[in-house]
Amino acid sequence: MSPALTVLKLSLLLYCVSELGAIRLQSSPQANGGWITTELEETVSLTCLVEAGDPEKELEWFRNGALVKLQEGNRLEQSSLCINPVFKEDNSAIFTCQLRTDASSNASVQLDVLFPPELSGHDTVLVEEDSDAVLTCNIHANPQVTVTWLRDEAELDMESGGYVLSQSATEARLSIYKIKRGLHQGTYSCVTVSSKYGKITKSFQLTVEDKTMKFPLGPIIAGVVVVFFTVVLAFISRWNRIKQCCK
């Protein structure tokens, strides 16, 4: 390929890029590798710039693919977007700026919202002996946490205690079956450990009550109905006999 032809192709490529327009994003806090790290209740500012091409070309913003409504005057050549305040729901959200007439000319950033698990307070749980109970902790957090369950500040005896642990990305659950006062009554703690927020604990005071006799309402109602119809039938039969005697 001749040098003249190479220069011509390069010139055409630069011309096309200039015509299409180049999109650049500025942010506060500054993005790192396409990610912006922030925390709850903070503010994230995004600015989209058209670096080349027609300055009258219109810009538009998308959040996770959904169009963001912009005010007039905030669309041409430069457009700004403010996330204030930042919520949990903004974690991992992708914000994209693009030319309205050319979606291929775009730039994106993704939010990394840090927040601790919502663990607080001291719940009171009343259960009857021989019944079951489930203690639940909301462990939704970023970064994720590790979870430990304690009873009266000691680790649970999983083998003899009848405990079953289960966990999802948002909840940690301790299920207790066939509860016995001597074995299960006490203070349970859900303890989370985070690399950023340290140790956070929520407690449950489990109190075991005596087992109460269940009132057999269903059988009693059935018995009353049977007795009622028996009495009615007996009355009708007796009445028919009385009428026959009176003829």
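Please refer to the structure placed before this passage.
Quick summary incoming for the structure in this document. Worth saying up front: this structure is predicted, and the values here are computed from it rather than measured.

A tally of helices and strands in the protein yields four helices and 16 strands. A total of 247 residues make up the protein; the buried ones form 30% of that total. Counting every atom, the protein has about 15700 Å² of accessible surface; 56% of that belongs to carbon and sulfur.

Grouped together as the largest cluster of nonpolar side chains are 22 residues, with contacts concentrated most on Trp149, Leu174, Tyr188 and Phe204. Counting residues per element, the ones that place at least two in this core are β9 (122–128), β10 (133–138), β14 (171–176), β15 (186–194) and β16 (198–209). When residues in this core are grouped by element, the largest group, four residues, is from β16. Each residue touching Phe204, except ones within four places of it in the same chain, is listed here: His122, Asp123, Val125, Leu135, Thr136, Cys137, Trp149, Gly186, Thr187, Tyr188 and Cys190. By size, the runner-up hydrophobic cluster in this structure holds 21 residues, among which are Ile23, Val86, Leu99 and Phe115.

Moving on, we get to the state of the cysteines. Tallied over the entire structure, the rule returns one disulfide. Disulfide pairing places Cys48 opposite Cys97 at an S-S distance of 1.9 Å. Across the S-S bond of Cys48 and Cys97 the torsion is about -85°, and the bridge reads as left-handed. Of the two residues, Cys48 sits in strand β3 (residues 44–50) while Cys97 sits in strand β7 (residues 94–99), which places them 49 residues apart along the sequence. Under the relative-accessibility criterion, Cys48 is labelled buried at 0%.

Using the criterion set out here, one finds two aromatic pairs in the structure. Taking 6.2 Å as the distance between ring centres and 70° as the angle between the ring planes, the aromatic pair formed by Tyr163 and Tyr188 counts as edge-to-face. Here the residue Tyr163 occupies a position in strand β13 (residues 163–167), and Tyr188 occupies one in strand β15, the gap between them amounting to 25 residues.

Attention now goes to the sheet that holds strand β12 (residues 154–155). Read from one edge to the other, the open sheet built from five strands follows the order β9-β16-β15-β11-β12, with strand pairing classed as mixed. Only two strands of the sheet have a single neighbouring strand rather than two, namely β9 and β12. Relative to β16, β9 runs parallel, the two being bridged by seven bridges. For Glu128, the partnering residue across the bridge sits in β16 and is Glu209.

We now examine the sheet that holds strand β5 (residues 66–68). With mixed pairing, the five strands of this open sheet are ordered in space as β2-β8-β7-β4-β5. Looking at strand neighbours, the two that pair on one side only are β2 (35–39) and β5, the edges of this open sheet. Sheet twist, expressed as the average angle between the axes of neighbouring strands with direction ignored, equals 30°. Here five bridges tie strand β4 (residues 59–63) to β7, and the two strands are oriented antiparallel to one another.

A word on the pattern of salt bridges. Enumeration according to the criterion identifies 12 salt bridges in this entry. In this structure, Arg63 engages Asp90 in a salt bridge whose closest nitrogen and oxygen atoms are separated by 2.9 Å. Highlighted residues: Arg63 in strand β4 and Asp90 in the loop between β6 (78–83) and β7, separated in sequence by 27 residues. Residue classification places Arg63 among the partly exposed positions, given a relative accessible area of 27%. Its relative accessible area of 7% is what places Asp90 among the buried residues. A salt bridge links Lys88 to Glu118, with the shortest nitrogen-to-oxygen separation between them at 2.9 Å. Of this pair, Lys88 sits in the loop between β6 and β7 while Glu118 sits in the loop between β8 (102–114) and β9, and the two are 30 residues apart along the sequence. With a relative accessible area of 52%, Glu118 lands in the exposed category. Within the structure, one salt-bridge network assembled from shared partners comprises Glu58, Glu72, Arg75 and Arg100.

Analysis parameters
Residue numbers run consecutively from 1 along every chain, following the written order of its sequence. Note on the predicted model: pLDDT of at least 70 is required for a residue's local features to be given, and 80 or more for side-chain atom pairs to be given and counted; whole-chain, interface and lining totals, by contrast, use all residues. For side-chain calculations, the full set of non-hydrogen atoms in the structure is used, while hydrogens and water are omitted. The helix count covers DSSP runs of H or I at least four residues long, the strand count covers runs of E at least two residues long, and both are numbered beginning at the N terminus. Think of it in three bands: residues with accessible area under 20% of the maximum for their type are buried, residues over 50% are exposed, and the middle band is partly exposed, with areas taken using a 1.4 Å probe on protein chains only. Reported accessibility uses the Shrake-Rupley method at a 1.4 Å probe radius. Residues are deemed covered only where the shown protein chains occlude them. Residues belong to one nonpolar core when they are buried, are Ala, Val, Leu, Ile, Met, Phe, Trp, Tyr or Cys, and are joined through side-chain atoms within 4.5 Å. What makes two residues a contact is simply this: any of their non-hydrogen atoms within 4.5 Å. Any cysteine sulfur atom paired with another within 2.5 Å is treated as part of a disulfide. Each aromatic pair joins two rings of Phe, Tyr and Trp (for Trp, the six-membered one) with centres within 6.5 Å, and gets the label stacked for planes under 30 degrees apart, edge-to-face for over 60, and tilted for any other angle. Here, strands pair whenever DSSP counts at least two bridges between them. Fitted lines through C-alpha atoms serve as axes, helices being fitted only where they are in contact, and the angles separating the N-to-C directions of these axes extend from 0 to 180 degrees. Definition used for salt bridges: Asp or Glu carboxyl oxygen within 4 Å of a side-chain nitrogen of Lys or Arg.

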